[in-house]
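# Structural characterization, general
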Amino acid sequence: MPVNFEDLVHQITIRDFLRNESDYIEVLSRTQDWSKIPLLKHDNIQPSGSLVRFRGMIQDMFDPEYYLERYEVKTGDGQRMQDGKFVDFLQIEQGEEEVNFSSENNKHGERRSLFLVTIPGINNWADEGYKDPSKLPEVEKLSVNPSKRQEDGDDDETLLKRQKVIKDDQTPGETRTILSTEYLVNSPLPDRPSRACLVKIYRNFESFRLNTVIDVVGFLSVDPALDGSTEEVEEMLSPEEHIAKNPPPSLIPRLHAISTREVHQIAPFETPFNGNFPDISRDILMVLTQCLFGDQLAGRYLFAHLLSSIQSRVGMEILGKMCLNLINLPGATSGYTKSLYEILEAIVPVSYHLEMSLENLNTFQFVPKKDYNTGKLTSGILQLAPNSHLILDETCLEPGQLQGGGIEAVKSLSHLIRHQSVEADFQFYRLEYESNIPVLILGEGKSLLPSDILVPLKPDSNVMNHIAETYKAAHQFIRTRLEVIRGFLASQKVAKFDLYGDIQTTVQEDLVTMRKTFNASSEELHSLLTLSRLVGKSMGKSKLDEETWELVKNMDQERRQRMKK
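Residues numbered from 1 in each chain as written. Predicted model: local features only at pLDDT ≥ 70, side-chain atom pairs only at ≥ 80, totals over all residues. Heavy atoms only, no water.

Scanning the chain for helices and strands turns up 16 helices and 22 strands. Counting only residues that meet the buried cut, the chain has 54% of its 565 residues in that class. In the structure as shown, the chain presents an accessible area of about 26,900 Å², 48% of it carried by carbon and sulfur atoms. (Helix = DSSP H or I, 4+ residues; strand = E, 2+ residues; numbered from the N terminus. Buried < 20%, exposed > 50% of the residue type's maximum accessible area, 1.4 Å probe, protein only. Areas by Shrake-Rupley, 256 points an atom, 1.4 Å probe, with all protein chains shown as cover.)

Here's what the structure looks like:
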């Protein structure tokens, strides 16, 4: 009997799915819109066995887990075969049935666990499952009895998820290991807590990569017996690792995946953008210009930066990145950078405003680090999803001494900006993960970090004297245009652009002239070509033309003149 998407969404069970697994997977792969599948609700978790969806970033990946995909069960009057896929426990009647681990009919399987967190820094308007995340669920004193299991088990049984044993007593003098809620959830951004989910996948293991965003559809598993704090420690695990790998399902639900998709477009737009490109482009440029004290040059550069994204990597060259450093901004006490960030937050789906104070640099963890006591990859601020906008606010940087942690933080930020990669710290070695994180640096003076383009602000005194009113007017202006502004930025960010168009010869001749006249480096010329692509996109164009190329050359010339002053 043929299956369809509606059958899958409404009241399907694991048993039903297994009967027609290949057909249902095909239906899911063909269906473009998964919005009808209920989202996993952390504030009101659905029952085990529910078909739900979860979108998140792969923050950690665990070792393979072996299980009985199908096994023989001895019953009172014979035996039966039982499916073990998409569940965490052996499906038997306690006291009446037992698993025949030596049966030749048993089929072993392998699955992997991915630790997902909701997209770090996702803004409220872009989070389809948004609930106030400011407070994590209360799970006090997550602890585990460190004593080892005493009973002997069959060798095959050790490959499975052990049955949970809840124990209320504790040997006098015996200590318990306690892990905090924050540690278990492992949010990359400490002041913007994520929600977490432990996803078990059954196929295509090598296709998953750390820090990518995926959509998962699967069967929920939230049996309280999954909580490692209520059981004795599994063999071969330390108490810390045991509870880290078996967190409370009320805090971190399990999801047995039946289908996954990598997410490239985080913003929730159902249809391609088809608005009036020139009008919207002018509106966005006007808002950014006014928010930068009436400086249209800075506005154009910021507009281009918002569309930047890595196109490709060729050797050491990273095509498409544009780290922008805006300087001559008011100090932290003015509150200006926070006001600017609020505008950016309203129009880009994922962003994070990091105050570059000495305290933050010295104390925050910036790169992921392996904790060998628990087996977890503890997250850092730079473990972000692709196309997350990172705003570094150096107006908060006060005089003082960088300590060891601060020096490492500056090195990690510099490495991200130059190479668009993050080096995870595994203590004995470092493992590099590619990133795609547009970085905007705001400061009073030139940054201590590298950048692709430095733009000194040239404020209009009339706008500067009324900046509070300007921002209020900017919010009111974009409020009526939010959908089209967001749609324009999202569509143009991924739009194809012919960099040379019909003027390839002109561009090449001009670049040779610039190298001779300004002694421009290859990096500067590369940045100019990147800027040309992004300015063209900001104007709603699909290829570089004479008008855009002249505009970009004039922008670069004016910027150079400002830097001489």
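What follows covers the packing of aromatic side chains. Pairs of aromatic rings are described using the distance from one ring centre to the other and the angle between the two planes. Going through the model one piece at a time under the given rule, you end up with 13 aromatic pairs. Both rings, one in Phe17 and one in Phe86, keep their centres 5.6 Å apart while their planes meet at 75°; by these two values the pair is edge-to-face. Of the two residues, Phe17 sits in helix H2 (residues 14–19) while Phe86 sits in the loop between strand E3 (78–83) and strand E4 (98–99), which places them 69 residues apart along the sequence. A single burial state applies to Phe17 and to Phe86, both of which are buried. Ring centres 5.7 Å apart and planes at 50° place the aromatic pair Tyr372 and Phe428 in the tilted group. A residue pair is termed long-range when its members are at least 10 positions apart, and Tyr372 in the loop between strand E16 (369–371) and strand E17 (376–378) and Phe428 in the loop between strand E19 (421–425) and strand E20 (430–434) qualify at 56 residues. By relative accessible area, which is 38% here, Tyr372 ends up partly exposed. Three or more aromatic residues joined by ring pairs make a cluster, and in this case those are Phe17, Tyr24, Tyr67, Phe86, Tyr202 and Phe219. Of note, Arg481 hangs over the ring of Phe477, and the distance from its end group to the ring centre comes to 3.8 Å. Sitting above the plane of the Phe518 ring, Arg560 keeps its charged end 4.8 Å from the centroid. (Phe/Tyr/Trp six-rings, centres within 6.5 Å; stacked < 30°, edge-to-face > 60°. Lys NZ or Arg CZ within 6 Å of the ring centre and 35° of its normal.)

Locating Lys553 in the fold gives a position in helix H16 (residues 546–564). On the basis of relative accessible area, Lys553 is assigned to the buried category, the value being 18%. Taking the C-alpha atoms as reference points, Lys553 and Ser532, 21 residues apart in sequence, are found 8.8 Å from one another. With sequence-adjacent residues up to four places away left out, Lys553 is seen in contact with Asp510 and Met514. A distance of 3.0 Å separates the side chain of Lys553 from the side chain of Glu550, its partner in a polar contact. (Contact = heavy atoms within 4.5 Å. Polar contact = N/O pair within 3.5 Å; in protein donor to acceptor, adjacent residues only side chain to side chain.)

Quantified by volume, the second largest pocket comes out at close to 850 Å³. Surrounding the second largest pocket, 38 residues form its lining, His264, Ser309, Pro386, Asn387 and Asn436 being those nearest its centre. Contributing elements (two or more residues each) for the lining of the second largest pocket: E20 and helix H13 (482–494). In the lining of the second largest pocket, the residues fall into 22 nonpolar, 10 polar and 6 charged. (1 Å grid on protein atoms, 1.4 Å probe; cavity = no way out; pocket = protein on both sides within 12 Å on 5 of 7 lines; lining within 4 Å. Points joined across faces, edges and corners; volume = space filled by probe spheres on them. Nonpolar A, V, L, I, M, F, W, Y, C, P; charged D, E, K, R; others polar.)

Attention now goes to the nonpolar core. Tyr301, Leu324, Leu326, Ile347, Ile478 and Leu531 are the most contacted members of the largest nonpolar core, which has 62 residues in total. Leaving out residues up to four positions away in the same chain, Leu531 has contacts with Tyr301, Ala304, Met322, Val552 and Met555. If you look at the next biggest cluster of nonpolar residues, it comprises 23 residues, including Leu361, Leu413, Val422 and Val439. (Core = buried A, V, L, I, M, F, W, Y, C linked by side-chain atoms within 4.5 Å.)

As a further point, take the environment of Arg261. Examined against the element boundaries, Arg261 turns out to sit in strand E11 (residues 254–262). The partly exposed category is assigned to Arg261, whose relative accessible area is 23%. C-alpha separation for the pair Arg261 and Val213, spaced 48 residues apart in sequence, amounts to 8.5 Å. With residues up to four places along the chain from it excluded, the contact list for Arg261 reads Leu28, Ser29, Thr31, Gln32, Trp34, Val213, Ile214 and Asp215. A distance of 2.9 Å separates a polar side-chain atom of Arg261 from the backbone oxygen of Leu28.

This brings us to a nonpolar patch on the surface. A cluster of nonpolar residues, Tyr372, Phe428, Tyr429 and Leu431, forms a patch on the protein surface that exposes about 460 Å² of accessible area. Considering the arrangement of structural elements, one finds Leu431 in strand E20. A relative accessible area of 36% places Leu431 in the partly exposed class. (Patch = residues over 30% accessible without salt bridge, like charges linked within 9 Å, V, L, I, M, F, W, Y side chains within 5 Å. Salt bridge = Lys/Arg side-chain N within 4 Å of Asp/Glu carboxyl O.)

Take the packing of helix H6 (residues 277–291) against H13 next. Two numbers describe how H6 lies on H13: the axes approach to 10 Å, and their chain directions differ by 105°. One way to sum up the angle between H6 and H13 is to call them roughly perpendicular. Residues Phe277, Ile280, Ser281 and Ile284 of H6 form the contact with H13, whose participating residues are Val484, Ile485, Phe488, Leu489 and Gln492. Split into classes, the residues belonging to the contact of H6 with H13 amount to 7 nonpolar, 2 polar and no charged. (Axes fitted to C-alpha atoms, helices over the stretch in contact; angles between N-to-C directions. Parallel < 35°, antiparallel > 145°, perpendicular 65-115°, else oblique.)

Attention now moves to H16. Its 19 residues place the ends of H16 28 Å apart at the C-alpha level, agreeing with the 27 Å of an ideal helix rising 1.5 Å per residue. Regarding H16, the residues found buried are Thr548, Trp549, Val552, Lys553, Met555, Asp556, Arg559, Arg560 and Arg562. Those residues of H16 that are buried lie in contact with helix H7 (296–306), strand E22 (453–456), helix H14 (504–517) and helix H15 (522–538). (Expected span 1.5 Å × (residues − 1).)

Turning our eyes to something else, we now look at the pattern of salt bridges. On inspection of all chains with the given rule, the structure shows 31 salt bridges. For Glu241, the salt bridge identified is with Lys245, shortest N-O distance 2.9 Å. One end of the pair, Glu241, and the other, Lys245, are both in helix H5 (residues 239–245), 4 residues apart, so they sit about a helical turn from each other. Taking the relative accessible area as the measure of exposure, Glu241 reaches 17% and is therefore buried. Taking the relative accessible area as the measure of exposure, Lys245 reaches 26% and is therefore partly exposed.

To continue, consider the pairing of strand E14 (residues 324–327). Here E14 shows no split at all, with Leu324 and Leu326 on one side and Asn325 and Ile327 on the other all buried. As judged from the 3 bridges shared by E14 and strand E21 (residues 439–442), these two strands associate in the parallel manner. In the sheet register, Asn325 faces E21, and the bridge partner there is Ile441. Bridge count between E14 and E22: 4 bridges; the pairing is parallel. Bridge pairing in E22 links Ile327 to Pro456. (Pairing = 2+ DSSP bridges.)

Next up on the list: the side chain of Asn123. Relative to the helices and strands, Asn123 is located in the loop between strand E5 (107–117) and strand E6 (142–148). Reaching out from Asn123, the side chain makes a polar contact with the side chain of Ser351 at a distance of 3.1 Å. Once residues within four sequence positions are removed from consideration, Asn123 is found in contact with Arg192, Tyr341, Glu345, Val348, Pro349, Val350 and Ser351.

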